[in-house]
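Next come the chains, spelled out residue by residue.
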Amino acid sequence: MHELSIADNIINAVKDASQSRGMLTVSKIGVRIGSLSSVDPDALTFGFDVLKRDQGMGDCDLAIEFVKTSARCKKCSREFEVSDFVFVCPDCGSSQCDLLSGQELEIAYFEGE
Ligand SMILES: [Zn+2]
């Protein structure tokens, strides 16, 4: 279950960042997960809840923003949402596309005092 190590990375990164800002507690962490990143949000939440107490973040909530996959057609520049990994332009049918979003796995923000 790689979500557990991802949760561990998130906690450690936010701990370092919050301590360097002089924050004592972190109450909320917001992460962005792309639909192509193969991270299960439920498993990530579970892993986070398992680890946070040991890390002194027992009162911290994890907010997950799920980012849909989108692409831009190289032929006609149309931007479209990708479902089921079908990278085909709905306008011109070209499969030459640039990925715009969907691979995110990042900490968007954290709150505390
Ligand atoms: Zn197109």
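Position numbers for residues start from 1 in each chain and track the written sequence from start to end. Where totals are concerned, whole chains, interfaces and linings use all residues; where local detail is concerned, this predicted model gives features only for residues with pLDDT of at least 70, and gives and counts side-chain atom pairs only at 80 or more. Only hydrogens and water are set aside; all other atoms, that is, all heavy atoms of the structure, feed into the side-chain values.

Participant: Could you give me a rundown of the overall build of the protein, with the residues and numbers involved?
Facilitator: Only DSSP runs of H or I reaching four residues or more are called helices, and only runs of E reaching two or more are called strands; each is numbered from the N terminus. When its secondary structure is counted, the protein shows two helices and six strands. Counting from the amino terminus, the protein carries its helices and strands in the arrangement α-β-α-β-β-β-β-β. In this setup the radius of gyration rests on C-alpha atoms only. A globule is expected at 2.2 Å times the number of residues raised to 0.38. Against the compact-globule benchmark of 13 Å for 113 residues, the protein has a radius of gyration of 18 Å, which places it well outside the compact range. Overall size of the protein, expressed as C-alpha extent along the three principal axes, is 55 × 30 × 15 Å. Only protein chains enter the accessibility calculation, which uses a 1.4 Å probe. A residue is then buried if its area is under 20% of the maximum for its type, exposed if over 50%, and partly exposed in between. Going through the 113 residues of the protein one by one, you find that 35% of them count as buried. Residues are treated as being in contact if the distance between any of their heavy atoms lies within 4.5 Å. For the protein, the proportion of contacts with a sequence separation of at least 24, taken over those separated by at least 6, is 68%. Every accessible area reported is derived by Shrake-Rupley at a probe size of 1.4 Å, with residue values counting cover from the shown protein chains alone. In the form shown here, the protein has an accessible surface area of approximately 6800 Å², with 45% of it arising from carbon and sulfur atoms. His is not counted, nor are the chain ends; Lys and Arg add positive charge and Asp and Glu add negative charge. To locate a charge, the coordinates of NZ of Lys, CZ of Arg, CG of Asp or CD of Glu are taken. Charged side chains in the protein number 11 positive and 19 negative. The centres of these two groups are separated by 6 Å.

Participant: So what about the coordination of the zinc ion? Which residues, and what values?
Facilitator: Around the zinc ion, the protein contributes the donor atoms Cys73 (SG), Cys76 (SG), Cys89 (SG) and Cys92 (SG), at 2.3 Å from the metal centre. Coordination at the zinc ion is tetrahedral: its four donor atoms span angles of 103 to 120° at the metal. Considered as a linear motif, the donors of the zinc ion on their single chain read C-x2-C-x12-C-x2-C. In this listing, donors mean N, O and S atoms no farther than 2.8 Å from the metal, or 3.2 Å for Na, K and Ca; water is missing from the atoms, so a site can look incomplete. Think of it this way: with four donors and all angles in the 85 to 135 degree range, the site is tetrahedral; with four or six donors, opposite ones beyond 155 degrees and the rest between 65 and 115, it is square planar or octahedral; otherwise it is irregular.

Participant: I'd love a proper account of the environment of Glu65, names of residues and values included.
Facilitator: Counting through the fold element by element, Glu65 comes out in strand β2 (residues 61–67). Here Glu65 falls in the partly exposed class, since its relative accessible area comes to 40%. Between the C-alpha atoms of Glu65 and Gly34, which are 31 residues apart in sequence, the distance is 8.5 Å. Not counting the four nearest positions on each side in its chain, Glu65 is found in contact with Val31, Arg32 and Ile33. In the analysis that follows, any N or O atom pair within 3.5 Å is treated as a polar contact, provided that within protein one partner can donate a hydrogen and the other can accept it, and provided that, for residues neighboring in sequence, both atoms belong to side chains. Within polar-contact distance, the side chain of Glu65 engages the side chain of Arg32 at 3.2 Å.

Participant: Please provide a residue-by-residue account of the nonpolar core, values included.
Facilitator: The biggest cluster of nonpolar side chains holds 18 residues, and the ones touching the most others in it are Ile29 and Leu44. Elements with a minimum of two residues in this core: α1 (2–20), β1 (26–34) and α2 (41–52). Broken down by element, this core gets its largest block of residues, five residues, from α1. Ignoring anything within four residues of it in the chain, the contact list for Ile29 reads Ile10, Val14, Phe48, Met57, Cys60, Asp61, Leu62, Ala63, Ile107, Tyr109 and Phe110. Of all hydrophobic cores here, the second largest spans six residues; its members include Ala71, Cys73, Cys89 and Cys97. Among buried residues, those of type Ala, Val, Leu, Ile, Met, Phe, Trp, Tyr and Cys that are joined through side-chain atoms within 4.5 Å constitute a nonpolar core.

Participant: Which residues make up the environment of Ser95, and what are the values?
Facilitator: Secondary-structure assignment places Ser95 in the loop between β4 (79–81) and β5 (97–101). For Ser95 and Lys75, which are 20 residues apart along the polypeptide, the C-alpha to C-alpha distance reads 9.1 Å. Each residue touching Ser95, except ones within four places of it in the same chain, is listed here: Phe87 and Val88.

Note that every value here comes from positions in space, so none of it alone points to a role or purpose.
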